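Observations on the model geometry
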Amino acid sequence: MAKRIFSGAQPTGNLHIGNYLGALRNWVALQHEYESFFCVVDLHAITIPQDPEVLREKTREVARLYLAAGIDPAVSTIFIQSDVQEHAELAWVLNCVVRIGELERMTQYKDKSKKQRENVSAGLLTYPALMAADILLYQTDLVPVGQDQKQHLELTRDVAERFNRDFGETFRIPDAYIPKVGARIQALDDPLKKMSKSDENANGRIGLLDDADTIRRKFKRAVTDSGTDVRFDETRPAVTNLLTVYQLLTNQTREEIEAHFAGKGYAQLKGDLADATIAFLEPYQERVRGISDEELGRILRDGADKARAIAEVTMRQVKERMGIVGA
Ligand code: TYM
């Protein structure tokens, strides 16, 4: 059987270049080697309050962004999580396998619940059980994600191993695929924070749908470090972050980049980085606009059908093993 990939993104806020460089870009590269499933995880989005109209819109927008990035529906399966009800069903089962202590240790839960303070939904806590369900339903081998999802992947493996031990071999144990470069793109306004869809300050991120003026303005405002020379240096996280984005967008080596910027200052780096980003995003946005509603609808329906056929098989096994047999 061909090895499988599963990954997804939440349709909350606007996808940014961190999402692209840390995840989507690698999905595109890996889709020809693996049987691939790329999901828009709308059920994850509702763990925090969402406006229903906006959520509906964003869910389709994220699917468009997958396609425009180069996910080919002829070789990969693109679908919306809530179209395949087995995700919610298996999540419930895994909620009964995962421990509360394990969920409470998740750093993303700790961060997000701190931000919300009051009215933290139970879904925010059990979010990783739904993510584990996404992955395990497809007997996934590899999960290409950014650094921030590593802990959720480890929990997925633990839950799968526990289930297999208690109920018999059922799930394949997935590995994370985290890129060496780009796994954690930092915020432009604070190089110690990751670039995030949900941060209040939109100046910290370059949205995949930002226009050229906005991109130039955001890079111009980006925080830099003390010093003036433009080179990769762990002790200067702001400049290194900008250079990493430049490296990934231009596909040059670090040596080539440092040679290019030798004797030039931060203003030149920001200007060149804005040019490279715009050169990448303009045609990308053109492709987003070129996808008709009909075409998108057809791709998502086909995707859901293909995904469901596999998810059903796994879910049936899970129920059998657990003694959930129905009438
Ligand atoms: P989400 O929607 O926050 O992010 C989507 C993908 O983008 C990566 N990413 C980043 N990479 C580099 N730098 C950044 N600043 C950055 N910010 C985000 C994320 O690591 C992710 O790969 N829980 C997941 C969605 C999910 C999922 C799944 C992923 C649900 N079920 C199953 C894989 C498999 C999330 O919230 O990603």
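Quick caveat: nothing in here was measured; it's all calculated off a predicted structure. (Residues numbered from 1 in each chain as written. Predicted model: local features only at pLDDT ≥ 70, side-chain atom pairs only at ≥ 80, totals over all residues. Heavy atoms only, no water.)

1. A few points about the packing of helix H3 (residues 52–69) against helix H12 (residues 266–289)
Selection criterion: Whenever a helix is involved, its axis is fitted only over the stretch in contact; in every case the axis is a line through C-alpha atoms, and angles between N-to-C directions fall within 0 to 180 degrees. Under the scheme used here, helices are H or I runs from DSSP no shorter than 4 residues and strands are E runs no shorter than 2 residues, and both carry numbers assigned from the N terminus. These descriptions rest on fixed angle ranges, namely under 35 degrees for roughly parallel, over 145 for roughly antiparallel, 65 to 115 for roughly perpendicular, and the rest for oblique. Each crossing gets its hand from how the near helix is turned against the far one by less than a right angle, where anticlockwise is left-handed and clockwise is right-handed. Between two residues, a contact is recorded if the distance between any of their heavy atoms is within 4.5 Å. When residues are grouped by polarity, Ala, Val, Leu, Ile, Met, Phe, Trp, Tyr, Cys and Pro land in nonpolar, Asp, Glu, Lys and Arg in charged, and all others, Gly among them, in polar.
Their axes nearest at 9 Å, the elements H3 and H12 cross at an angle of 125°. Relative to H12, the element H3 is oriented oblique. The interaxial crossing formed by H3 with H12 has right-handed handedness. Residues Arg64, Leu65, Ala68 and Ala69 of H3 touch H12, and the partners they reach there are Tyr284, Arg287 and Val288. Split into classes, the residues belonging to the contact of H3 with H12 amount to 5 nonpolar, no polar and 2 charged.

2. What about the packing of aromatic side chains?
To be explicit about the condition: Two aromatic rings from Phe, Tyr or Trp, using only the six-membered ring of Trp, form a pair when their centres are within 6.5 Å; if the ring planes differ by under 30 degrees the pair is stacked, by over 60 it is edge-to-face, and anything between is tilted. For every residue, the accessible area obtained with a 1.4 Å probe (protein chains only) is divided by the maximum for its type, and the residue is called buried under 20%, exposed over 50%, and partly exposed between those limits.
The full count for this structure, using the stated rule, is 12 aromatic pairs. Taking the centre distance of 6.1 Å and the plane angle of 90° together, the rings of tyrosine 20 and tyrosine 284 count as edge-to-face. One end of the pair, tyrosine 20, is in helix H1 (residues 17–30); the other, tyrosine 284, is in helix H12, and 264 residues separate them in sequence. What makes tyrosine 20 buried here is its relative accessible area of 9%. Considering the side-chain rings of tryptophan 27 and tyrosine 66, the 5.0 Å spacing of their centres and the 85° angle between planes classify their relative orientation as edge-to-face. Linking tryptophan 27 in helix H1 with tyrosine 66 in helix H3, this pair joins segments that are 39 residues apart in sequence. Residue tyrosine 66 is classed as buried on the basis of its relative accessible area, which comes to 0%.

3. Points about the packing of helix H7 (residues 122–137) against helix H8 (residues 150–167)
Two numbers describe how H7 lies on H8: the axes approach to 9 Å, and their chain directions differ by 70°. Considered as vectors, H7 and H8 are oriented roughly perpendicular to each other. Only His152, Leu153, Leu155, Thr156 and Ala160 of H8 make contact with H7, whose side of the interface consists of Tyr127, Pro128, Met131, Ala132, Ile135 and Leu136.

4. Some words on the domain arrangement of the chain
Stated formally: Domain segmentation is taken from an automatic or database assignment of domains. Salt-bridge detection follows one rule: a side-chain nitrogen of Lys or Arg within 4 Å of a carboxyl oxygen of Asp or Glu. Under the rule applied, a polar contact is a pair of N or O atoms within 3.5 Å (in protein, one hydrogen donor and one hydrogen acceptor; residues adjacent in sequence only if both atoms are side-chain atoms).
Entries for the chain in the domain assignment read domain 1 (4–178 + 293–322) and domain 2 (202–288). A separation of 30 Å is found between the C-alpha centroids of domain 1 and domain 2. Facing the 12 residues of domain 1 at the interface are 13 residues of domain 2. Put simply, domain 1 and domain 2 have 0 salt bridges between them. Summed over the shared surface of domain 1 and domain 2, the result is 6 residue pairs in polar contact (both at pLDDT 80 or more). Broken down by class, the residue content of the side of domain 1 that touches domain 2 amounts to 8 nonpolar, 1 polar and 3 charged.

5. Here we look at the environment of threonine 228
Looking at where threonine 228 falls in the secondary structure, it is placed in the loop between helix H9 (212–221) and helix H10 (237–250). With 21 residues separating them in the primary sequence, threonine 228 and glycine 207 have C-alpha atoms 27 Å apart.

6. Topic: the site of the ligand
What counts is decided by this rule: One heavy atom within 4 Å of a molecule or strand is enough for the residue carrying it to be called near that molecule or strand. Throughout, the Shrake-Rupley method with a 1.4 Å probe supplies accessible areas, and for residues the shown protein chains are the sole cover considered. Only protein atoms enter the 1 Å grid used here, on which a cavity is any set of points holding a 1.4 Å probe that cannot leave and a pocket is any open set flanked by protein within 12 Å on both sides along at least five of seven lines; residues with an atom within 4 Å of a point are listed as lining. In this description, a molecule resides in a pocket or cavity if more than half of its atoms sit within 2 Å of the grid points defining it.
In the neighbourhood of the ligand, 27 residues make up the surrounding shell, with Gln10, Tyr127, Asp134, Asp148 and Lys197 lying closest. Between the ligand and the protein, one listed contact pairs a nitrogen atom with a backbone N or O atom of methionine 195 at 3.0 Å. Across the complex, the protein chains shield 97% of the 710 Å² of accessible surface that the ligand would expose by itself. Put simply, the ligand lies in the largest pocket. Elements that contribute at least two residues to the shell around the ligand include exactly strand S1 (4–9), H1 and H7. Split into classes, the residues belonging to the shell around the ligand amount to 12 nonpolar, 11 polar and 4 charged.

7. Regarding helix H6 (residues 107–116)
Test applied: Arc definition: directions from the helix axis to the C-beta atoms.
When we look at burial in H6, the residues that qualify are Gln108, Tyr109 and Ser113. Along the long axis of H6, the arc covered by the buried residues comes to 115°, so they all point the same way. Seen from the open side of H6, the exposed residues pointing more than 90 degrees away from its buried face are Lys114 and Lys115. Phi turns positive one or two residues past the end of H6, at arginine 117, with a value near 55°.

8. Overview of the nonpolar core
To keep it simple, the criterion reads: The term nonpolar core refers to a set of buried residues drawn from Ala, Val, Leu, Ile, Met, Phe, Trp, Tyr and Cys, joined through side-chain atoms within 4.5 Å.
Core analysis: the largest hydrophobic core is formed by 58 residues, its most contacted members being Tyr66 and Tyr284. Counting contributing residues per domain, this core is built from domain 1 (4–178 + 293–322) and domain 2 (202–288), each supplying no fewer than three. When neighbours within four sequence positions are excluded, tyrosine 66 is seen to be in contact with Gly8, Ala9, Leu24, Trp27, Phe38, Cys39, Val40, Ile71 and Ile78. Counting residues in hydrophobic clusters, the runner-up holds 41 residues, among them Phe6, Met106, Ala304 and Met315.

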